[in-house]
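For reference, the chains in residue letters:
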Amino acid sequence: MIKRNTGFSNLTAGYLFPEIAKRRREYAAAHPDAKIISLGIGNTTEPLTPHIAKAMSDYALSLGTKEGYSGYGDEQGNTALREKIASVFYKDIVRADEVFISDGAKCDIGRIQTLFGRDVNVAVQDPAYPVYVDGSVVYGAAGANNGNGYNGITYMSCSPENNFFPDLSKIKANSLIYFCSPNNPTGAVASREQLKSLVDYANKNGCIIIFDAAYFCFIRDDKLPKTIFEIEGSRTCAIEVNSFSKPAGFTGVRLGWSIVPSELVYEDGTPVKNDWNRVMTTLFNGASNIAQAGGLAALDDEGLKEMKGLVDYYLENARLIKSVLTADSFKNAGVEVYSDGNAPYLWVRFPGKKSWDIFDAILDQCHVVTTPGSGFGPAGESFVRFSSFGHRADVEEACKRLANLKI
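These figures come from a predicted structure and were not determined experimentally.

**Some thoughts on the pattern of salt bridges**
Between side chains of opposite charge, pairing is possible as soon as their charged atoms come close.
Working step 1: Here the structure, examined in full by the defined rule, presents 22 salt bridges.
Working step 2: Residue Asp58 is joined to Lys54 by a salt bridge in which the shortest nitrogen-to-oxygen separation is 2.7 Å. Note that Asp58 and Lys54 are positioned in helix H3 (residues 50–62) at a spacing of 4 residues, about one turn of the helix.
Working step 3: What emerges from the salt-bridge pattern is a single network uniting Arg95, Asp97, Glu98, Arg235, Glu263 and Lys273.

Take a look at the structure:
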């Protein structure tokens, strides 16, 4: 018999979000009259905006005509879309041929490990988006969980005590460094100076940064960098992964991109971009033509205006949630709220309490779903993440309920 990939057997219990969904279903079954509101998973809730939706609709309808039908496209993506992403989002600090269109950032993160195999060192922010760790375990770059994290992974603690930026000296030479800014789950945004120190460390120690910028559109402070490629030296040590999911509401449409600079090379001098092109043309068959039509429309002036309005909507939700959680009743209980208005998440610490216990208390008392911080890594214990993705009426109702939470 063929043996199972040991990476799967090394994974711990269920992936975080299915576990949350399971607990929600069980609670709903036991309390059928409870109207449960989710401030948990970061799934967008508002309809696609008119200009972007129309572009996809028109394209889909044209597929029913001889003149408008299109079959396979370039696996690397529509040339016009690659050019627009380079010019509109990156102001031409990257080239169009360095842009690779995909079906989303999560999918790219899952595929990217194929470039480096099982023998690479891996470092992740702690707490971090679970896919960085779980993907590394599946590919064999990390071993079983020892109770404090997976063997072979360097966990870079990011906490209020270090301003959510890790001690880089703990990263081994020749490591793959997963870094997310604005961070999921903490919402922290790295400063220009912090990212410069990360880039310098990577270049000096032969590391490659996988920079997840999926929440770049929420940054409202002009002093904060929205892409790693604003930082000098990044083109020789970084890959950026990004997405239309949050700015355009494409979580179900599925459209993202990665940037692999031509200067980024392996130890033997081979350009990483060459292998990524092979991955995209061999293990992937190109993003949906309909989705790419939406991406093109999103980068028109009208589309950019619509995306900003959508992001502003979610940022206002975050402000409403923060206003409740920073009330005197929470402050007096020692609750700490971390949210600076540049991300859709609030990272909230309940000192001395377990994350899943807080999750259960909020669900039981308020019928509100959150995300336990411990699911994002050891440093997330005692935190929960509140998401601002929700309909305004639901968020307002959730805020009323949270105001009465007994901690």
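**Things to note about the nonpolar core**
Among soluble globular proteins, nonpolar side chains are generally buried collectively.
Working step 1: Formed by 103 residues in total, the largest nonpolar core has its most connected members in Ile239 and Phe244.
Working step 2: Setting aside residues no more than four positions away along its own chain, Phe244 makes contact with Leu81, Ile85, Phe89, Gly249, Phe250, Leu255, Gly256, Trp257, Gly295, Ala298 and Leu299.
Working step 3: Formed by 24 residues, the second largest nonpolar core is a distinct cluster that contains Leu39, Leu320, Val324 and Leu325.

**Here's the deal with the sheet that holds strand S6 (residues 208–212)**
Working step 1: Taking strand neighbours across the sheet as the criterion, the 7 strands line up as S2-S8-S7-S6-S5-S3-S4 in an open arrangement whose pairing is mixed. Two strands bound the open sheet, and with one partner strand each, they are strand S2 (99–102) and strand S4 (153–157). On average, each strand axis in the sheet is tilted by 20° relative to the strand beside it, whichever way the strands run.
Working step 2: In this structure, strand S3 (residues 121–126) lies alongside strand S5 (residues 175–180), joined through 4 bridges in parallel fashion. Following the sheet pairing, Asn121 is matched in S5 by Ser175.
Working step 3: Contacts between helix H7 (residues 192–205) and the sheet are confined to S5 and S6, with S6 contributing the most and set at about 150° to the helix.

**Concerning the sheet that holds strand S10 (residues 345–349)**
Working step 1: Read across the open sheet, the 4 strands follow the order S9-S10-S13-S12; overall the sheet is antiparallel. On the outer flanks of this sheet lie strand S9 (336–338) and strand S12 (371–372), each paired with one strand and no other.
Working step 2: Note: S9 against S10, 3 bridges, orientation antiparallel. By the bridge assignment, Tyr338 is partnered in S10 with Trp347.

**Here we look at the packing of helix H5 (residues 105–112) against helix H6 (residues 130–139)**
The relative placement of two packed helices comes down to the angle between their axes together with the axis-to-axis distance.
Working step 1: Between H5 and H6, the shortest axis-to-axis distance is 9 Å and the interhelical angle comes to 35°. The two elements H5 and H6 meet at a crossing, and its hand is right-handed. Side by side, H5 and H6 meet where Lys106, Ile109, Gly110 and Arg111 of the first sit next to Val131, Tyr132 and Tyr139 of the second.
Working step 2: Classifying every residue of the contact of H5 with H6 by side-chain character gives 4 nonpolar, 1 polar and 2 charged.

**Some remarks on helix H13 (residues 355–366)**
Because each turn of an α-helix spans 3.6 residues, side chains separated by three or four positions in sequence point in the same direction.
Working step 1: With 12 residues, H13 should cover 16 Å at 1.5 Å per step; its first-to-last C-alpha distance of 16 Å lies within 8% of that length.
Working step 2: Considering only its buried residues, H13 is in contact with helix H2 (16–30), strand S11 (368–369), S12, strand S13 (383–387) and helix H14 (392–402).
Working step 3: One or two residues past the end of H13 sits His367, with phi positive at roughly 55°.

**Some thoughts on the environment of Leu320**
Working step 1: Take Leu320: it is sitting in helix H11 (residues 301–325).
Working step 2: Accessibility expressed as a relative area gives 17% for Leu320, which makes it buried.
Working step 3: When the C-alpha positions of Leu320 and Ala60 are compared, they lie 38 Å apart, and in sequence the two are 260 residues distant.
Working step 4: The contacts of Leu320, once residues within four sequence positions are left out, are Arg392, Val395, Glu396 and Cys399.

**What to know about unusual backbone geometry**
Working step 1: Of note, the bond from Asp126 into Pro127 is cis; its omega dihedral lies within 30 degrees of zero at 10°.
Working step 2: In this fold, Pro127 is placed in the loop between S3 and H6.
Working step 3: Notably, Asn174 is not glycine yet its phi reads approximately 60°, a positive angle.
Working step 4: Mapped onto the fold, Asn174 is located in the loop between S4 and S5.

**Considering the packing of aromatic side chains**
Working step 1: A full pass over the atoms with the stated rule returns 22 aromatic pairs.
Working step 2: For the ring pair Phe17 and Phe376, a centre distance of 6.3 Å and an interplane angle of 70° mean the geometry is edge-to-face. Taken together, the residues span a long stretch of sequence, with Phe17 in helix H2 and Phe376 in the loop between S12 and S13 at a distance of 359 residues. Each member of the pair, Phe17 together with Phe376, is buried.
Working step 3: An aromatic cluster is present here, built from Tyr215, Phe218, Tyr313, Tyr314, Tyr345 and Phe389 joined pairwise through their rings.
Working step 4: The ring of Phe100 carries Arg82 above its face, with NZ or CZ at 5.4 Å from the centroid.
Working step 5: A cation over a ring is seen here: Arg385 above Tyr345, with NZ or CZ 4.1 Å from the ring centre.

**Regarding the side chain of Thr371**
Working step 1: For Thr371, the location among the structural elements is in strand S12.
Working step 2: Setting aside its immediate chain neighbours within four residues, Thr371 contacts Leu16, Phe17, Ile20, Gly40, Ile41, Phe376, Val384 and Arg385.

**Focus: the layout of surface pockets**
Working step 1: Estimates place the volume of the largest pocket at around 730 Å³.
Working step 2: Around the largest pocket sit 30 residues that line it, and Thr12, Asp134, Tyr150, Ser374 and Gly375 are the ones nearest its centre.
Working step 3: The dominant element in the lining of the largest pocket, judged by the number of residues it contributes, is H6, at 5 residues.
Working step 4: Class assignment of the residues belonging to the lining of the largest pocket gives a composition of 14 nonpolar, 11 polar and 5 charged.

Analysis parameters
- Residues numbered from 1 in each chain as written.
- Predicted model: local features only at pLDDT ≥ 70, side-chain atom pairs only at ≥ 80, totals over all residues.
- Heavy atoms only, no water.
- Salt bridge = Lys/Arg side-chain N within 4 Å of Asp/Glu carboxyl O.
- Helix = DSSP H or I, 4+ residues; strand = E, 2+ residues; numbered from the N terminus.
- Core = buried A, V, L, I, M, F, W, Y, C linked by side-chain atoms within 4.5 Å.
- Buried < 20%, exposed > 50% of the residue type's maximum accessible area, 1.4 Å probe, protein only.
- Contact = heavy atoms within 4.5 Å.
- Pairing = 2+ DSSP bridges.
- Axes fitted to C-alpha atoms, helices over the stretch in contact; angles between N-to-C directions.
- Left-handed = near helix turned anticlockwise from the far one by under 90°.
- Nonpolar A, V, L, I, M, F, W, Y, C, P; charged D, E, K, R; others polar.
- Expected span 1.5 Å × (residues − 1).
- Phe/Tyr/Trp six-rings, centres within 6.5 Å; stacked < 30°, edge-to-face > 60°.
- Lys NZ or Arg CZ within 6 Å of the ring centre and 35° of its normal.
- 1 Å grid on protein atoms, 1.4 Å probe; cavity = no way out; pocket = protein on both sides within 12 Å on 5 of 7 lines; lining within 4 Å.
- Points joined across faces, edges and corners; volume = space filled by probe spheres on them.

Read these as spatial facts, not as claims about activity.
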